Amino acid sequence: MNSIFSGTRLRDMIRSIRACKTAAEERGVVRKECADIRASINENDPHDRHRNLAKLMFIHMLGYPTHFGQMECLKLIASPGFPEKRIGYLGLMLLLDERQEVLMLVTNSLKQDLNHTNQYVVGLALCALGNICSAEMARDLAPEVERLIQFRDPNIRKKAALCSTRIVRKVPDLAENFINAASSLLKEKHHGVLITGVQLCYELCTINDEALEYFRKKCTEGLIKTLRDITNSAYQPEYDVAGITDPFLHIRLLKLLRVLGHGDADASDLMTDILAQVATKTESNKNAGNAVLYECVETIMAIEDTSSLRVLAINILGRFLSNRDNNIRYVALNMLMKAIAFDDQAVQRHRVTILECVKDPDASIRKRALELVSLLVNENNVKQLTKELIDYLEISDEDFKEDLSAKICSIVEKFSPEKIWYIDQMLKVLSEAGKFVKDDVWHALIVVISNASELHGYTVRALYKAVLTYSEQETLVRVAIWCIGEYGDLLVNNVGMLGIEDPITVTESDAVDVVEDAITRHNSDMTTKAMALVALLKLSSRFPSISERIKDIIVKQKGSLLLEMQQRAIEFNSIVDRHKNIRPSLVERMPVLDEATFNVRRAGSLPASVSTMAKPSVSIPNGVAAAPLVDLLDLGSDDIMAAPSSSGADFLQDLLGVDLGSSSAQSGATPGPKAGADLLMDILSIGTPSPAQNNTSSVDLLSTPGINKNPSNALDTLSSPALPHIATTASAGGMFDLLDGLTPSPSKEATNGPAYPPIVAYESSTLKIEFTFSKSSGNPQETNVQATFINLSPNTFTDFIFQAAVPKVISVFFFSPLLSSYQNFFNIVFRSFNLQFLQLHLDPASSNTLPASGNITQNLRVTNSQHGKKSLVMRMRIGYKVNGKDVLEEGQINNFPRGL
């Protein structure tokens, strides 16, 4: 042995490498040594083979390639002497792994050494096999390893058990061969053999159900007895660790009991007493005891047991939270998150301690405790826990404010008992950490505010006071200027005062000061400035006495570096200066936004009644309302549907000359269209399409992102110069103004029209769709369509679904808070309501199964408010199954008869 490891050449090589001052010098030394080793290998000198391999192992540990020495390992393993075998097996484990093909050559040598008369050689072979065993080697050598589990020497039995663990992991099919041998190891008195036997049983139980049932019936009582003996044993210096008798064996036994008790009430009953004993008798002032207690808690949570034992386990975790060791507190928080599912009330008792962990200096403990607190929140304690978290938000570190504010907002939104409390808590979060709050949070706040009509005055006053103190919080400023723009008159007049408020005096100039500060402050981003510009336009109508001052502020934005701000400043100035008669209708308050629809959109999903046909096999009944299927037309989805106010509807009706449909008819108001409406409808793509446009869907020019990106080509609807195609229509008397230049023209009411020829709406190799048309009596705008679906193939179509959508035009002139980016801010900054000149209703189909060479029908009803001016346009999707496979077909219908 000494002659192997004390060779001067190995020592000299190590000394030379350590003396190198540069990496290049080290590489030179290694190259020289590798060359000498190759030369020695070529000479095939058996006396230097072990020294060469020792040097190769050192070179390998330095990270240099040593593959050329792999065969030397096999030669040393085949040597008869123990010292050579030891170096050979060490090199085998270090230089090779189970993926090397050369291992196939060592299988025979391993088999011979496993049957060797020298137990030390057997031990070497078991160690090597346990480290690099492949699936093929496991199948070849499993019988020898199984035999060695019963070997007379405990060290061999221990190594054989560990090697068996590797074998059953590699080849689970061999597990049943080791069941009896493993169960015999559980009766060992030697702790080293016993712990390896328990580990082997654990592996067998996790991969083989038969082994699990066998150990559950035959070995559970024996394992419990062993654990009890170790727990109650006297002091044993050989196995004692910090006052705990063999904590490693404790933990292995508890893990095996956890597997045996999971899902089995009888086995769980047997181990209840010993688990309670371990939980109460184990000392927790040392890490060894805490490790045993933690494993005991894991076992209690996993088995089928009564609540009393789980309460004991949760109390142990509560004690862990008071420990000074960060690791112990962290694992306790992790386990408590799992324990909530078993006993929420028991975890609630430690709520104060958990809240203290939220304030821990360690970042990982803070985040884990915050997640646990969010799981503890319910309707009964939401106010108390939210107050604690907001109080800590004021003094928390900057790097923790983002996570903490996000969690508080999530808790408030989920468990808010009333809207006023929700608004108060969100204002506190925006005041303390507004710059860390994500956009969807303050968008949701604005939606809630718009729905709480009785709290508009209270909210705008609270925001006004908050923004004076926390003007550096960008998100708070945005919400405040939106509310001031919408409800500035309530702020000035103290409308809707609540008993909990202190009266404040705010003049019109004070309200405008807040908005002016937001638009002129150098560190305000572009979205904030754009919102402030819109708020100023709205305040110019609400505060007529200072409209000139507001106009001056707007005019200053004509010099903005952002082209979009310049353009809108010019437009808003035109409204304030030249169009005072229509300004109140343009800037009236936002309609109430639909909270439910916003939440669906925010969650990134569509309502349950809407299908995107991503999976045509999903069972969705025919007759789904077609209005939400705007994505079908690729015209941009706008899920927030706001109901128009009467004044806004009248104004827009006058402005566009468009019949708004049933709402106007029911009220009895039938204002006549204006002259020039055809021109404006052509601009908005809701007039009669030109031949070049027949194959395109109608698009709302006012909400087209390309207009913003190229303002020079944009149509200025607020103060437009005469464009070429407008000049040909406008009178020669002067400039044509879209806001003032519309004069009345006679309306054209259609009566019962002629019969319309049927059309082939769609045809493919397997499917044909025919449309037949009829008019409703007394309503020429409404057309009844019967769609006939004809199967042209010899296969039956199942789960047949027909979906259709028509284009819509989105009108302008009301501010929307649902902003996704500044780029499209001005496209949605004004909105009144969704104006659809086409409305579509689908009735259920006659069947959802289309027989081979057969047909089914479905009725549609289309309302065209631009009857006689704008032709019908429709896109459709058809989904069905053929022989179990999903099929999706799409098409666009442009050949509707004119006059529908």
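Attention here is on the structure that accompanies the text. (Residues numbered from 1 in each chain as written. Predicted model: local features only at pLDDT ≥ 70, side-chain atom pairs only at ≥ 80, totals over all residues. Heavy atoms only, no water.)

Secondary-structure assignment places aspartate 113 in helix 7 (residues 107-114). The exposure class assigned to aspartate 113 is buried, which follows from its relative accessible area of 3%. Non-local contacts of aspartate 113, meaning those with residues more than four positions away in its chain, are made with Ile77, Lys85, Tyr89, Val121, Val122 and Ala125. (Helix = DSSP H or I, 4+ residues; strand = E, 2+ residues; numbered from the N terminus. Buried < 20%, exposed > 50% of the residue type's maximum accessible area, 1.4 Å probe, protein only. Contact = heavy atoms within 4.5 Å.)

Taken in spatial order, the 3 strands make up an open sheet running 8-13-14, and their pairing is antiparallel. Two strands bound the open sheet, and with one partner strand each, they are strand 8 (798-805) and strand 14 (885-893). Between one strand axis and the next, the sheet turns by 15° as a mean value, whatever way the strands run. In this sheet, strand 13 (residues 874-882) lies alongside strand 8 in antiparallel orientation, the contact comprising 6 bridges. By the bridge assignment, glutamine 803 is partnered in strand 13 with arginine 877. (Pairing = 2+ DSSP bridges. Axes fitted to C-alpha atoms, helices over the stretch in contact; angles between N-to-C directions.)

Note on placement: lysine 387 falls in helix 23 (residues 382-395). Considering only alpha carbons, one finds lysine 387 and isoleucine 408, 21 residues apart in sequence, at a separation of 9.6 Å.

Relative to the helices and strands, arginine 542 resides in helix 30 (residues 526-542). Of the side chains bearing the opposite charge, glutamate 486 lies closest to the buried arginine 542, which forms no salt bridge; the N-O distance is 4.2 Å. Among the polar contacts made by the side chain of arginine 542, one reaches the main-chain carbonyl oxygen of glycine 485 at a distance of 3.0 Å. Not counting residues up to four positions away in its chain, the partners in contact with arginine 542 are Gly485, Glu486, Val587, Glu588 and Arg589. (Lys, Arg positive; Asp, Glu negative; His and termini not counted. Salt bridge = Lys/Arg side-chain N within 4 Å of Asp/Glu carboxyl O. Polar contact = N/O pair within 3.5 Å; in protein donor to acceptor, adjacent residues only side chain to side chain.)

Below, the discussion takes up the sheet that holds strand 11 (residues 838-842). An order of 5-6-7-12-11 is seen for the 5 strands of this open sheet, with the pairing classed as antiparallel. Looking along the sheet, the strands with just one partner apiece sit at the ends: strand 5 (759-763) and strand 11. On average, each strand axis in the sheet is tilted by 25° relative to the strand beside it, whichever way the strands run. Strand direction decides the pairing type here: strand 6 (residues 767-776) and strand 7 (residues 779-791), joined by 10 bridges, are antiparallel. Its bridge partner lying in strand 7, leucine 767 is registered against asparagine 791.

Before going further, it helps to examine unusual backbone geometry. Note on backbone geometry: most residues besides glycine have negative phi, and most peptide bonds are trans. A positive phi angle, close to 55°, is found at serine 853, a residue other than glycine. Within the fold, serine 853 resides in the loop between strand 11 and strand 12 (855-864). Positioned with a positive phi, asparagine 883 is a non-glycine residue whose angle comes to about 55°. Mapped onto the secondary structure, asparagine 883 falls in the loop between strand 13 and strand 14. Asparagine 883 sits in the exposed class, given a relative accessible area of 68%.

Time to look at the pairing of strand 5. As paired strands, strand 5 and strand 6 are joined by 4 bridges and run antiparallel to one another. Paired with glutamate 763 across the strands is lysine 768, a residue of strand 6. A loop of 3 residues connects strand 5 with strand 6, the two strands running antiparallel in sequence.

What follows covers the environment of isoleucine 195. With respect to the helices and strands, isoleucine 195 occurs in helix 12 (residues 191-207). Considering only alpha carbons, one finds isoleucine 195 and arginine 252, 57 residues apart in sequence, at a separation of 6.8 Å. The contacts of isoleucine 195, once residues within four sequence positions are left out, are Phe248, Leu249 and Arg252.

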